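# Analysis of the macromolecular model
Here's the letter readout for the chains.
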Amino acid sequence: MDCAVAMNLEAAAMPESQEPLLEVCDLSLRRGQAVVLDGVNLALHPGETLGLIGESGAGKSTLALALIGLLRAPEVQLAGSMRFRGTELTRLREADYRRLRGNKIGLIFQDATAALNPCFTVGEQIAEPLKRHLGLSKWDRRERAAELMHSVGIPEPRLRLDAYPHELSGGMQQRVMIAIALACNPELLLADEPTSALDVTIQAQIMELILDRVRALNSSAIFVLHDLALGAQVCDRIAVMYAGQIVEEGPSDRVLASPLHPYTRGLKSCVVELGSRTLVPIPGQVPPLNAMPAGCRFAPRCPKAKAICGEQRPQAEIRDGRQVACWFID
Amino acid sequence: MRDALNIPAPPDSQWKRRFVQPLLRQRSAMLGLAIIALYVFAAVFAPWLATHDPTAQDLMASLQGPSAAHWLGTDSYGQDLYSRLLYGAQLALIIGFASVALGLAVGVAIGLAAGLMGGRTEWVLMRIVDGLLAFPELILAMAFMAVLGLGTENVVYALALSFVGPFARMTRGDVLQVKNQPYIEAARLMGVTTAAIIWRHVLPNVVSPILVQAGMRVSIAILLESGLSFLGIGVVPPTPDWGLMIAEGRAFITMAPWISGVPGVALAILLVALNLLGDGLRDAFDPTTQKDA
Amino acid sequence: MFQAASAKLAQTLLVLLIVSAASFAFLKLAPGDPVSIMLGSDYSKSSYDQLTHELGLDQPVVFQYGNWLADFVRGDWGTSYITNQNIFELAVLQALPVTLTLAALSLLIALVIGIPAGVLAALYRNSWVDVLATTLAIGGNAFPSFYLGILLIWLFGVDLGWFPVLGFVAPWEDFWQGLWHLTLPAVTLGAWYVGLIARITRSSLLEVLGQPYILAAKARGEPAWRVVWVHGMRNVLMPLVTVIGLQLGGMLRGAVMTEVVFALPGLGMMVTTAVLNREYIVVQAGIMLTGLLFVAVNLAVDQTYQFLDPRLRRR
């Protein structure tokens, strides 16, 4: 039923009925007793960019890791479905999943300094997926790695191939990370807070670079971000997550202009805008995973909560071309 | 000044919460402690528990297997192995703890002196410590035994001397670290005397890592002690010593494996127990360190 | 770079000087008068004074040390009173290679068993594999090597008769015979190291496997075995080398015991025999040699660090 909602929504949003590249239906992820992701529905079309927005602990990074198959049974329990190019990912054999990782699905980590192995040169690390997935010869790998480094804006790539990660600046390390993720021209790029570990001056450059490369390769991308305004600026669509659930999902401009879910509204009023004198924080905190409210997970912090919100979980409804999960959509 | 006073107090008061409780949670450390307690019991009550004089020879009853008269059998001189085992525990524990205590006292004194005085005193003291640390413990202990001569007391001195180096270096390192802490600076600014600073602030901070180190050294001391005796350059016969007993039983390993087996197994179990406790102490003290020193 | 290297060199020279001074001090502290020992029981005052003068023992201690050091560096280490053997030959050419071979073989055995055991324990954390590996590690680490040696001799040497129980055949003279003779000693000494290596491999690997770069390697589609053995183990080598270097003292301790148990003519056997015979000049050679060995291994470990960790390399 949830999936039907997503499908209807897609039909409404995208008149040219194209097969979605990625389709997540009622995906739940449990770690022991804790329900980390709860009934997530998403669809992503080729060439589309989606922003996953939410506070830390909302499950955004978990969703990204689940999509690339780095959070699987027996570590966690998955329910629901994730279809990538028509292939069901939740039941995919590990050997087949491995052929997707770094190949059809790329992942950019938040902190490149920690995500690059200190004991291997950047050239070796960029070359790895080239060997693994494309089977290039040693010479071709080197050539291609240098090309990739050039394409992500690393000057003098041939000299830097044999550099170790610690010899590069943070911005350069993140560029290397991007080169690795894009090495095999992935159809889906996942970027987990790709700029939050960087200096503010470099953040825009890196964001621009990723978008630029994604467009050049005609790939789809999911950006995990905590900044609603940034997400709306760089992504076609936005999904707002709260405590493991997607509370609102739709085209960026509409979500930002007229948020329907109280949480999205709260997020928006948290954004510091030039000229605005008031900053309205959302009261309270995200409940711990082992003590989630039975009904709407946002209810304890919601200014509009009524009795039903605490008792029953709202189902996603389509309103104004987006899916919203709230009992009281105006 | 407000800042200086606001600095966290040296963590010495809640040692029970930080130290004892984590230790109690570790089952293997508790097992080690229980075994050690058993050995201590055997050592303390050896005179009452023993069935024979540990050095009484009875050549008529030599090389006997376990029996009602000799619970764990006899060696080639007809000495009762059970009684020798008990007195051997006494000797091992006394030598182990005494040598570590002595080495600790001297080492900590040198380390404190070096760390607090600095300058030329520190340089000379630390070069002596370097000299001690430049050799493996056993070689050092063997050299000291060669100089001092054989005998129980000399084993204690030789082992203690070979432990001075590590304790001195550790203490000095800890002192230097503590010396630069903001609260020491604050205490100095408030006019607290050097002696009071050492007593109130420096010692409590260096004492726990050194005690952990001491705990781990005891097993090395007992291993070295029995090793020296095994080599024939430690305790002299007929003293009931495990190392001597193992050495004696070596010749009879096929005919009477129990002669070396009784002290060998006893020694192995004690060393395992001491290691378990030592690991527990280390983890309880600092769960982040993985160092095997 | 040059500054760091020369500082390191100066430090090493200082340690070497301290080692030599300590070795020299040992001989001065040793009981007995070397002159009367050399002259035997029957000698006259004039011959005593003459030998004292010839040996330079009437000079100030600092000069004696200088002379001794000069002789030592030239390889003139004196002659054994008992066997009349050249001590340099005895210690460096005969005993040292035996000890080094034993140590190398034990380390090899320990690495071959310890690393896979540690990796398995880390991968199947808290399973029976982990419990078994940890138990064996603690047991092997604590078990006194001299008793283990006796047990191995009893079981594999005497009872089963698979291995020779005593003696040494140089592997560089007869490789297979030598290896056959060294197997039990190497296992005895290696057993102590296995536990240590398994433990440090386990704990380091667990730490490394939690690092983001391991997740990143998986995200690149690297197969699990490569993630563990290449991306993971490459980062475990550093702590492993540290521990192997730090535990050299324990290794030499075990080597002395093992040599005596198996009657191998190594450094440990040499020093033990010399202490028992009160041949202090041979003991001194052993002390000096182990001291030098310590310094050399520490230097080697330092160099290995730079080789293993790119972050420590200077460009």
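Residues numbered from 1 in each chain as written. Chains lettered and ligands numbered in written order. Predicted model: local features only at pLDDT ≥ 70, side-chain atom pairs only at ≥ 80, totals over all residues. Heavy atoms only, no water.

### Some points on the overall build of chain B
Across its full length, chain B carries twelve helices and zero strands. Ordered by position in the sequence, the α and β elements of chain B form the string α-α-α-α-α-α-α-α-α-α-α-α. Put simply, chain B has 293 residues, and 54% of those count as buried. Look at the contacts in chain B between residues 6 or more apart in sequence, and 70% of them connect residues 24 or more apart. Accessible surface computed for chain B: about 13100 Å², of which carbon and sulfur atoms make up 66%. (Helix = DSSP H or I, 4+ residues; strand = E, 2+ residues; numbered from the N terminus. Buried < 20%, exposed > 50% of the residue type's maximum accessible area, 1.4 Å probe, protein only. Contact = heavy atoms within 4.5 Å. Areas by Shrake-Rupley, 256 points an atom, 1.4 Å probe, with all protein chains shown as cover.)

### Considering the interface of chain C and chain A
Of the residues lining the interface, 20 residues belong to chain C; the matching set on chain A comes to 26 residues. Considering only the surface of chain C that becomes buried against chain A, A219, R220 and P310 of chain C emerge as the three largest contributors, covering 29% of it. Taken together, the links from chain C to chain A amount to three salt bridges. Along the contact surface separating chain C from chain A lie ten residue pairs in polar contact (both at pLDDT 80 or more). Going through the elements one at a time, α9 (212-219) and α10 (224-246) of chain C are the ones with two or more residues in the side of chain C that touches chain A. Per-element tally for the side of chain C that touches chain A: the top contributor is α9 of chain C, with six residues. In terms of residue class, the side of chain C that touches chain A is made up of nine nonpolar, three polar and eight charged. (Buried area = accessible area lost by both parts, 1.4 Å probe. Salt bridge = Lys/Arg side-chain N within 4 Å of Asp/Glu carboxyl O. Polar contact = N/O pair within 3.5 Å; in protein donor to acceptor, adjacent residues only side chain to side chain. Nonpolar A, V, L, I, M, F, W, Y, C, P; charged D, E, K, R; others polar.)

### As for the interface of chain B and chain C
The extent of an interface is frequently quoted as the accessible surface area lost upon association of the parts. Every contact between the two is made by 45 residues of chain B and, on the other side, 42 residues of chain C. Between the two partners, chain B and chain C, sit two salt bridges. Across the salt bridge formed by R253 of chain C and E137 of chain B, the nearest N and O atoms sit 3.0 Å from each other. Summed over the shared surface of chain B and chain C, the number is four residue pairs in polar contact (both at pLDDT 80 or more).

### Quick look at the environment of F120 of chain A
Counting through the fold element by element, F120 of chain A comes out in the loop between α4 (112-115) and α5 (122-134). Taking the C-alpha atoms as reference points, F120 of chain A and G231 of chain A, 111 residues apart in sequence, are found 34 Å from one another. With residues up to four places along the chain from it excluded, the contact list for F120 of chain A reads Q125, Y164 and P165 of chain A together with V230, H231 and R234 of chain C.

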